[in-house]
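Architecture at a glance
Here is how the chains run, residue by residue.
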Amino acid sequence: MADGIPYCDPVACPVAGCDPVVCRGAALGSNAVAFERSTRVIPGGVNSSIRAFKAVGGTPYLVARADGARVHDIEGNEYIDLVQSYGAVILGHAHPEITRAITAAVSDGTSYGAPTPREMKLAEAISERVPSCERVRLMNSGTEATSTAVRLARGATGRKRLVTFNGNFHGATDALLAAGGSGVATLGLPGTAGVPEEAVANTLVVPYNKVPELTDDVAAVIVEPVAANMGVVAPAPGFLEGLRAECDRVGALLIFDEVISGFRLGPGGAQAKFDVRPDLTCFGKVIGGGLPIGAVGGRRDIMENLSPLGKVFHAGTLAGNPLATAAGLAALNALTDDVYMELGARARKLAAILRNASENHGIPALFPVVGTLVGMYLGSSDVNRTPTNFDEAKTTDESLYARLFHAALQAGVALAPGAYEALFVGVGHDDAVMTELERRIEIAFAECAKSSH
Ligand SMILES: *Cc1c(COP(=O)(O)O)cnc(C)c1O
């Protein structure tokens, strides 16, 4: 699958007289050579560990550029991309409206250390679309949003304890990097080296889709209202409502981590789709239009505990960044109800394409769809066994996924290099792309089936 557009960056290419049309990134060499060079300066060659191919084997491709649904690596290979920056670029890569917004903003300066009109407008845009967000504070990543929400919840309630759900992911923040047990509640086990027991001593990890009984020392329950970091798991009927009621019973705050689901499931996120109002909401990904961003929104009385009004500290040199807010506003403005309708149809189409290919080639698989999100579990095609929590999600066949991942890459389809990521379609995946995707997916499953027997 190397019939993509040849690529060379004429500015960066050190080869004298290099012809950008003929050159296929020879200046950097192959993906393997370039990646090896990266590993000599960047630990593991990646700046986010999930980008490594550790779970699937092999060497990552280095992206030279991308447009719409397609990414192009430095060797000139072209892939239909289902990673889409893990959901951050819902309009597709290099969408003209995003490019226009950033280009217009950039010549006015890139950061000031003072308030700007666009951060006000982006906060308004979020608050208008998500009514629970009476106040919104912008920051730089989803991780910063969850860590700020946790500090705010603790500061506002004067309580320490957090409740999280096994298989949910809230970014790389110590208090939320607690390990979950198998089907049971566990307390205070660090999920990674470098997190002291003390940092998670007040974090209780419980199974997803089961309302835990809370005690009155709980500051907050933080949940992905649609779990999209263990494949895609829908909230069971009554689960989110049950969390709301249980939080109210003991005076704990309910935090929705909508870093993925926010502005992806629809303008109101999961809280609108399932009609449950959290106290605080974390955002990231979509609201930055592909630039670094995060946000916490919520009830006015709680949000006003944030400094400078209240005693809970938050600050950030680049928070409310002019380029990120420009891109975010462009993204939210482009995301009309019609676009969400179309993305929903496209998600169902993607699941149908995958289901057909898996059936045609005897690879048992499930492709649950929640709104515009698609998940993939390999090893069973029994819809009654669609995972509802992390223990069930973990039954997916990871080695089969690794084979499918490489077969897909060969066929020109980029999946995430991990078996628990959601598949993302966006505005860039138009009808022509979906038709070509269907052809390539068919080839990938055929190849995968061959290598499995
Ligand atoms: C991606 C993600 C985060 C972390 O966001 P970053 O911008 O990567 O720090 C937090 N929560 C959820 C649900 C996510 O998917």
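Residues numbered from 1 in each chain as written. Predicted model: local features only at pLDDT ≥ 70, side-chain atom pairs only at ≥ 80, totals over all residues. Heavy atoms only, no water.

1. Some thoughts on the overall build of the protein chain
Note the threshold: Each helix is a run of H or I in the DSSP string that is no shorter than four residues. Each strand is a run of E no shorter than two, and both are numbered from the N terminus. For the radius of gyration, the atom set is restricted to C-alpha positions; the globular benchmark scales as 2.2 Å times the number of residues to the power 0.38. To sort residues, take the accessible area from a 1.4 Å probe on protein chains only and compare it with the maximum for the residue type: under 20% means buried, over 50% means exposed, and anything in between is partly exposed. With residues, only the protein chains shown are counted as cover, and all accessible areas are computed by Shrake-Rupley using a 1.4 Å probe.
Within the protein chain, the secondary structure is distributed over 14 helices and 17 strands. The C-alpha atoms of the protein chain give a radius of gyration of 22 Å, which matches the 22 Å a tight globule of 453 residues would have. Dimensions of the protein chain, computed from the C-alpha atoms along their principal axes, are close to 65 × 55 × 45 Å. Per-residue burial for the protein chain yields a buried fraction of 53% across its 453 residues. Accessible area of the protein chain: about 19300 Å², with a carbon and sulfur share of 54%.

2. As for the sheet that holds strand β2 (residues 70–73)
Selection criterion: Paired strands are those between which DSSP finds at least two bridges.
Spatially, β1-β2-β3-β16 is the arrangement adopted by the four strands of the open sheet, whose pairing is mixed. The open sheet has two edge strands with one neighbour each: β1 (63–67) and β16 (413–414). Relative to β2, β1 runs antiparallel, the two sharing four bridges. Bridging from a neighbouring strand, Arg-65 pairs with His-72 of β2.

3. Section: the pattern of salt bridges
When the charged atoms of two side chains lie near each other, side chains of opposite charge can form a pair. Note the cut-off: We define a salt bridge as a side-chain nitrogen of Lys or Arg found within 4 Å of a carboxyl oxygen belonging to Asp or Glu.
For the structure on display, the rule yields 18 salt bridges. Between Glu-78 and Arg-70 there is a salt bridge whose closest N-O contact spans 2.7 Å. On the basis of relative accessibility, which here comes to 6%, the residue Glu-78 falls in the buried class. Overall, Arg-70 belongs to the partly exposed group, its relative accessible area being 23%. Taking the shortest distance from any N to any O, the salt bridge between Asp-248 and Arg-244 comes out at 2.7 Å. On the criterion of helical spacing, the pair formed by Asp-248 and Arg-244 is a turn pair, its members being four residues apart in helix α7 (residues 239–250). Note on Arg-244: relative accessible area 15%, which makes it buried. Put simply, Arg-70, Glu-78, Glu-436, Arg-439 and Arg-440 are held in one network by salt bridges that share partners.

4. Section: the packing of aromatic side chains
Here is the rule we go by: Here is the rule: rings of Phe, Tyr and Trp (six-membered ring for Trp) pair when centre to centre is within 6.5 Å. Planes less than 30 degrees apart are stacked, more than 60 are edge-to-face, and the remainder are tilted.
Across all of its chains, the model carries eight aromatic pairs by this definition. Judged by centre distance (6.0 Å) and plane angle (90°), the rings of Phe-165 and Tyr-208 are edge-to-face. Taken together, the positions of Phe-165 in strand β5 (residues 161–165) and Tyr-208 in the loop between β7 (203–206) and β8 (218–223) put the pair 43 residues apart, joining distant regions of the chain. A relative accessible area of 2% means that Phe-165 is categorised as buried. Aromatic rings pair up to connect Phe-53, Tyr-61, Tyr-79 and Phe-405 into one cluster.

5. Here we look at the environment of Tyr-377
Put simply, the rule is: Two residues form a contact once any of their heavy atoms are found within 4.5 Å. Two N or O atoms count as a polar contact when they lie within 3.5 Å, although within protein this holds only if one can serve as hydrogen donor and the other as acceptor, and sequence-adjacent residues are included solely when both atoms are side-chain atoms.
Position of Tyr-377 relative to the elements: it lies in strand β15 (residues 377–378). Tyr-377 sits 313 residues away from Ala-64 along the chain, and the two C-alpha atoms are 30 Å apart. With sequence-adjacent residues up to four places away left out, Tyr-377 is seen in contact with Met-230, Gly-231, Val-232, Val-233, Pro-364, Ala-365, Leu-366, Pro-368, Pro-387, Ala-393 and Thr-396. Polar side-chain contacts of Tyr-377 include one of 2.6 Å to the backbone oxygen of Met-230.

6. Points about the sheet that holds strand β11 (residues 294–298)
Formally: Where helices are involved, their axes are fitted lines through C-alpha atoms of the stretch in contact, as for all axes, and angles between N-to-C directions lie from 0 to 180°.
Taken in spatial order, the eight strands of this open sheet run β4-β11-β10-β9-β8-β5-β7-β6, and their pairing is mixed. Two strands bound the open sheet, and with one partner strand each, they are β4 (135–139) and β6 (186–187). Sheet analysis places β5 next to β7, joined by four bridges and oriented parallel. Residue Val-163 lies in a different strand from β7, and its bridge partner there is Leu-204. Here helix α5 (residues 142–157) sits on the sheet in contact with β4, β5, β8, β9 (253–257), β10 (280–283) and β11, set at roughly 165° to β10.

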